[in-house]
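Secondary and tertiary structure notes
Here are the chains, one letter per residue:
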Amino acid sequence: MSWLFFSIATAVLWGTAELFYKKGAQPNEKYSHLKICIWVGIVMGAHAIFTLLTQDINYNPINLIRYLPVSLFYIISMAFSYFGMRFLEESISDPIENTAGVICTLLFVIFLQEEISWLTWVAIAVITIGVLGVSFLENHGETTRKKKLGKTLAVVAFCMPFVYALLDAFGTFLDDAFFLIEDVANSPLVDVTEDTIEDVANTSYELTFALFALGLFIFLKAKKVKFGPIPQHKDKILAAVFETAGQFTYVYALGGVDAIAAPILSSVCVISLLLSRIFLKEKLSWKTYAFIAVVIVGILLLAVSEELSL
């Protein structure tokens, strides 16, 4: 039952990462979202190097280029997410971001003509109702975000979780449909086997993130942005560490009973919501919480339906 431990550990680690992402995304720090990207790139790059030094995955550097489309979808989506976190409650942004699974499912239906079960359609309908409810309350309810930020910035901030979900979904779609396929001989990745293909893909992603972080660092230095001492970045660093640790445990969580592991892994937004309420003292209206609960129920239903259909 070690897979159960790793499933729970992954959900807790990623949920905790969301907490520190939010703490590190300071609304008054203009480039805080880019600084978070830099720290995530540093930690992921370190993990990639550790993997190359300790595991025999026969890594071919050309995979860095071959996997680039997927890596960029994931990386850019995270950058948009960090920007939105500067102005949006984590209790709202994280459930919306977790609707990426719905968009990914629809991409398979649209582009690959895959058939999905009735339970999946129910899950999609439930999530859609929840998201529309949150969106309505955000734009017509009791929120004071427009007064605090101005109409334009408030709308942009609220759009960020949706942009994340869309880009992340396209990354996952490319991953599942073309790269991490069962017939590894037809994967664009080279020198891979069934045992190494996921490690090769993840290492390519982490190395790309490290190069992306280096580019951002040079950009900020050119703009003469001050970074300050490392202790000032502790929340950003902790977010990166928890994110990368969650990726590590995720691999082992996949070895479990899918119908049980999937909803546990999809419960990240539940943990994030609880932590945000406890540690960030976020307080939303009961109507908003109700629609967020609807979204979460839909996400868990989607996770179960997808695994039961395999």
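Just so you know, these numbers come straight off a predicted model, no measurement behind them.

Quick look at the overall build of the chain now. Tallying secondary structure elements over the chain gives 14 helices and zero strands in all. In the chain, the order of α-helices and β-strands from amino to carboxyl end is α-α-α-α-α-α-α-α-α-α-α-α-α-α. Taken over C-alpha atoms, the radius of gyration comes to 19 Å for the chain, in line with the 19 Å a tight globule of 310 residues would show. The dimensions of the chain, computed from C-alpha atoms along their principal axes, are 55 × 55 × 35 Å. Here the chain, with 310 residues, has 50% of them falling under the buried criterion. In the chain, once contacts between residues fewer than 6 apart in sequence are set aside, the share between residues at least 24 apart is 84%. When the accessible surface of the chain is totalled, it reaches about 15200 Å², and 68% of it is carbon and sulfur. Charged side chains in the chain number 21 positive and 28 negative. The centres of these two groups are separated by 24 Å.

All right, on to the packing of helix H13 (residues 268-279) against helix H14 (residues 286-308) then. Viewed as axis vectors pointing N to C, H13 and H14 meet at an angle of 150°, and their least axial separation amounts to 10 Å. In terms of their interaxial angle, H13 and H14 are classed as roughly antiparallel. The residues of H14 that touch H13, namely those facing Cys269, Val270, Leu273 and Arg277, are Tyr289, Ile292, Ile296 and Ile299. Tallied by class, the residues present in the contact of H13 with H14 amount to seven nonpolar, no polar and one charged.

This part covers unusual backbone geometry. A positive phi angle, close to 50°, is found at Asn58, a residue other than glycine. Summarising the element assignment, Asn58 is placed in the loop between helix H2 (32-54) and helix H3 (62-66). Despite not being glycine, Lys224 shows a phi value in the positive range, around 60°. For Lys224, the position within the fold is in the loop between helix H10 (197-222) and helix H11 (234-253).

The next point concerns the environment of Leu4. With respect to the helices and strands, the residue Leu4 is situated in helix H1 (residues 2-24). Looking at Leu4, the relative accessible area reads 26%, which means it is partly exposed. Residues Leu4 and Ala253, 249 residues apart in the sequence, show an inter-C-alpha distance of 6.7 Å.

In the predicted model, the chain carries a mean pLDDT of 91, and the fraction of residues at 70 or more is 95%. Mean pLDDT in the chain bottoms out at helix H12 (residues 258-265), which sits at 68, and peaks at H3, which reaches 98.

Rules used in this analysis
Residues numbered from 1 in each chain as written. Predicted model: local features only at pLDDT ≥ 70, side-chain atom pairs only at ≥ 80, totals over all residues. Heavy atoms only, no water. Helix = DSSP H or I, 4+ residues; strand = E, 2+ residues; numbered from the N terminus. Rg over C-alpha atoms; globule rule 2.2 N^0.38 Å. Buried < 20%, exposed > 50% of the residue type's maximum accessible area, 1.4 Å probe, protein only. Contact = heavy atoms within 4.5 Å. Areas by Shrake-Rupley, 256 points an atom, 1.4 Å probe, with all protein chains shown as cover. Lys, Arg positive; Asp, Glu negative; His and termini not counted. Charge placed at Lys NZ, Arg CZ, Asp CG, Glu CD. Axes fitted to C-alpha atoms, helices over the stretch in contact; angles between N-to-C directions. Parallel < 35°, antiparallel > 145°, perpendicular 65-115°, else oblique. Nonpolar A, V, L, I, M, F, W, Y, C, P; charged D, E, K, R; others polar. pLDDT = per-residue confidence, 0-100.

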